[in-house]
Amino acid sequence: MCNILGLSNGHDANVSVVTSDGTRLLLELERIVRRKHAAGYVAPIVERALETSGLTLEAIDAVAVVPPIWPEAGYDWSIIGGSLPGNPSETTVGEIELLGHRKRAYFVPHHVAHASYSYFSAGVGRADVFTADAGGGQVDASFSRWSEGRLIEFIPLPELHIGSLWSVLASELFGDIFAAGKVMGLAAYGSANCVQELERAFRTSVDGLPGCRSAWQAGSVLGKGTGWRSARARNMAASLQEFTEQVSLEVVERLGRPERSDALCMGGGLALNGYLNTRLSTETAYRKFCFPAAVHDGGLSLGAALKTYVEVTRRHVAKPLSPFLGLSPDGTIDADSPFTDGSVLAAAELLRDGGVVAVCQGRAEAGPRALGHRSIIAGVDQPWVRDYLNSRVKDRESFRPVSPAILEDDAAAFLENKTHCNGEMTQIGRLSAEGLAR
Ligand SMILES: [Fe+2]
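Quick caveat: nothing in here was measured; it's all calculated off a predicted structure.

Engineer: How should the overall build of the chain be read in this particular structure?
Structural biologist: Along the backbone of the chain there are 14 helices and 16 strands. For 438 residues, the compact-globule formula gives about 22 Å, and the C-alpha radius of gyration of the chain, at 22 Å, lands near that figure. Judged by the C-alpha coordinates and their principal axes, the chain covers about 60 × 60 × 45 Å. Looking at the chain alone, contacts between residues at least 24 apart form 66% of all its contacts between residues at least 6 apart.

Put into structure tokens, the structure is as follows:
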């Protein structure tokens, strides 16, 4: 029996539990304290995670720790042996004191943890993993190779800061560095006519590898004072989307080995970009792709714990990871749905009559996407529904998207290519003419 506890105190702080009996639990601090992107002390969710898993700290064999990117926000442990990783690829082993207990600790670098979560989510033997985010680790991007649960090669990409452009543009347009998702949504309404401008300002090349200057250092992408409602803002968002896709495809083409890999995985916050993922899945030679649900920092503790579990047990089970790793409505990790035939029928009648229904069933989603366990649903045939959801229910910008849901078996009848879809809403399916007509 082996029990691993994962900790990440940084941005989107989170805790995870991985055990030999198959328990996989991921809890984000923001869901408990009701503050988006909460960082800092995670003691309350450590106790909740252990109790829910039927464990105590004494029963934990090792703690997988991702060094906090915002140590000033606070963290619950102190090092009493060993040291933190000195480079972005090396996991170090030491000892920590955590909530009054001395525990063996594995310190897993930020982008190794990102890559690990995505690799283990795929449930394959061999995979290539591309990670990119807006900063926080010792690098902002990496490319790695994994085989049978082991990290074989880790290539830091210290000159690639593509994620920083999204955060800086989000700050300029929405006053929020964490609003990259809004910029991705806005991109769908613009024309990519500023790509050359971005190329001139940010594009670099180092040793034949594509690079991108840091927008944090440049200080600006578009400049402040351009509201998100302007055509210039929409076009810059669309251009950044195209620029990101071009750079990312070049990285994968340059470093990827599809002939020797079972899958290509994406990790880091940039992997929440469905259009990018869709291009990677249609324009590269890999046979399988994995863009899992908690690729952002909220999945770091689980990535670190899964890697540590294999290091401790020397055992890799290639089994895809569910996106439903949170708590059930009753606070357990029981996956049973509480729905009865009567409640399903009542929801169907509400939808038919133009109602909006909140769904809460089974274990909560890991990551920011609502995937049907904690979702708001409404009839797709109601023309007012998107504006109503955005303005009245979600209190957000008018352009924010909603997603139609269809049965997987019906995908071919509605979409141009159903392989563009996955259960994590991290790829894009394009509606076919026949699907639109239906
Ligand atoms: Fe990250």
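Engineer: I keep staring at the environment of Gly135 and nothing clicks. Help me out?
Structural biologist: With respect to the element layout, Gly135 can be found in the loop between strand S8 (126–132) and strand S9 (141–147). We classify Gly135 as partly exposed; it has 19 C-beta atoms within 10 Å. Spatially, the C-alpha atoms of Gly135 and Arg34 are 24 Å apart, while their sequence positions differ by 101 residues. Not counting residues up to four positions away in its chain, the partners in contact with Gly135 are Asp140, Gly163, Ser164 and Trp216.

Engineer: For this particular structure, what's the right way to read the pairing of strand S3 (residues 24–28)?
Structural biologist: Extensive coverage of S3 is indicated by the burial of five of its five residues. Burial of the side chains of S3 extends over both faces: Arg24, Leu26 and Glu28 are buried on one face and Leu25 and Leu27 on the other.

Engineer: Please explain the sheet that holds strand S13 (residues 263–267) as it appears in this structure.
Structural biologist: Within a sheet, adjacent strands bond to each other through the backbone by hydrogen bonds, running parallel or antiparallel. On the basis of which strands lie adjacent, the open sheet formed by five strands has the order S10-S9-S8-S13-S14 and mixed pairing. A single partner strand is all that each edge strand has here, and the edge strands are strand S10 (150–156) and strand S14 (289–290). Across two bridges, S13 lies against S14 in parallel orientation. Its bridge partner being in S14, Cys265 is matched across the sheet by Cys290.

Engineer: What am I meant to see in the sheet that holds strand S6 (residues 92–98) here?
Structural biologist: Spatial strand order, S3-S2-S1-S4-S7-S6-S5: seven strands in an open sheet with mixed pairing. For this open sheet the edge positions go to S3 and strand S5 (77–81), each flanked by a neighbour on one side alone. Each neighbouring strand pair of the sheet contributes to a mean axis angle of 30°, computed without reference to strand direction. Summarising the sheet, strand S1 (residues 3–8) and strand S4 (residues 62–66) pair through five bridges and their orientation is parallel. If you follow Gly6 over to S4, its bridge partner there is Ala64. Running at roughly 155° to S3, helix H2 (residues 43–52) makes contact with strand S2 (14–19) and S3 of the sheet.

Engineer: What exactly am I supposed to notice about the domain arrangement of the chain here?
Structural biologist: By a widely used convention, the size of an interface equals the accessible area lost when the partners come together. Annotation of the chain at the domain level lists domain 1 (3–113 + 297–313), domain 2 (125–287) and domain 3 (341–437). Centre-to-centre separation of domain 2 and domain 3, based on C-alpha positions: 27 Å. The leading source of residues in the side of domain 2 that touches domain 3 is helix H9 (residues 274–283), at five residues.

Engineer: Help me understand the packing of helix H8 (residues 231–255) against H9, please; the structure alone is not making it clear to me.
Structural biologist: Helix packing geometry: the angle between the two helix axes and the distance between the axes. Contact pair H8 / H9: the axes reach a minimum separation of 10 Å and the direction vectors enclose 40°. In terms of axis orientation, H8 runs oblique to H9. H9 is crossed by H8, and the crossing has right-handed handedness. Here Gln241, Thr244, Glu245, Ser248, Leu249 and Val252 of H8 come into contact with H9, specifically with Tyr275, Leu276, Arg279, Leu280 and Glu283. Here the residues of the contact of H8 with H9 are counted per class, giving five nonpolar, three polar and three charged.

Engineer: Help me understand helix H10 (residues 300–313) in this model?
Structural biologist: Note that an α-helix has 3.6 residues per turn; residues three or four places apart therefore point the same way. Look at H10: 20 Å from first C-alpha to last across 14 residues, which is about the 20 Å you get at 1.5 Å a residue. Most of H10 is tucked away, with eleven of its 14 residues classed as buried. Residues of H10 that are buried: Leu300, Ser301, Leu302, Gly303, Ala304, Ala305, Leu306, Lys307, Thr308, Tyr309 and Val310. Within two residues after H10, Arg314 carries a phi angle of roughly 55°, on the positive side.

Engineer: Honestly, unusual backbone geometry in this entry has me stumped. Any pointers?
Structural biologist: Despite not being glycine, Asp12 shows a phi value in the positive range, around 55°. Inspection of the secondary structure puts Asp12 in the loop between S1 and S2. Classification of Asp12 as buried rests on a count of 24 C-beta atoms within 10 Å.

Engineer: How do you make sense of H2 when you look at a structure like this?
Structural biologist: Within H2 the residues assigned to the buried category are Ile45, Val46, Ala49 and Leu50. Buried residues in H2, looked at end-on, bunch into an arc of 135°, giving them a common side. Buried residues along H2 sit against S2, S3 and helix H1 (29–33). Two residues or fewer past H2, Gly54 is found with a positive phi of approximately 70°.

Engineer: Can you help me understand the nonpolar core in this one?
Structural biologist: In this structure, Val63, Val65, Leu169, Val183 and Leu240 are the most contacted members of the largest nonpolar core, which totals 112 residues. Of the domains in this structure, domain 1 (3–113 + 297–313) and domain 2 (125–287) are the two that each give at least three residues to this core. Residues within four places of Val63 in sequence aside, it is in contact with Leu5, Leu7, Ile96, Leu98, Lys103 and Ala105.

Engineer: It is not clear to me how the environment of Arg35 should be interpreted in this structure. Could you clarify?
Structural biologist: Checked against the element boundaries, Arg35 lands in the loop between H1 and H2. Exposure remark for Arg35: the 11 C-beta atoms within 10 Å place this residue in the exposed category. Taking the C-alpha atoms as reference points, Arg35 and Tyr309, separated by 274 residues in sequence, lie 30 Å from one another.

Engineer: Teacher, can you tell me more about the pairing of S6 here?
Structural biologist: For a regular strand, side chains alternate in direction, first toward one face of the sheet and then toward the other. Here S5 runs beside S6; their pairing, made up of four bridges, is antiparallel. Bridge pairing in S6 links Ser78 to Glu97. Where S6 and strand S7 (residues 101–107) come together, seven bridges link them in antiparallel fashion. Residue Ile96 lies in a different strand from S7, and its bridge partner there is Lys103. Linkage of S6 to S7, two consecutive antiparallel strands, is achieved through a turn of two residues, within which Leu99 is found at a positive phi near 50°.

Rules and cut-offs
Residues numbered from 1 in each chain as written. Predicted model: local features only at pLDDT ≥ 70, side-chain atom pairs only at ≥ 80, totals over all residues. Helix = DSSP H or I, 4+ residues; strand = E, 2+ residues; numbered from the N terminus. Rg over C-alpha atoms; globule rule 2.2 N^0.38 Å. Contact = placed C-beta atoms within 7 Å. Buried ≥ 20, exposed ≤ 12 C-beta atoms within 10 Å, placed from the backbone. Pairing = 2+ DSSP bridges. Axes fitted to C-alpha atoms, helices over the stretch in contact; angles between N-to-C directions. Domains from an automatic or database assignment. Parallel < 35°, antiparallel > 145°, perpendicular 65-115°, else oblique. Left-handed = near helix turned anticlockwise from the far one by under 90°. Nonpolar A, V, L, I, M, F, W, Y, C, P; charged D, E, K, R; others polar. Expected span 1.5 Å × (residues − 1). Arc of directions from axis to C-beta. Core = buried A, V, L, I, M, F, W, Y, C linked by C-beta atoms within 7 Å.

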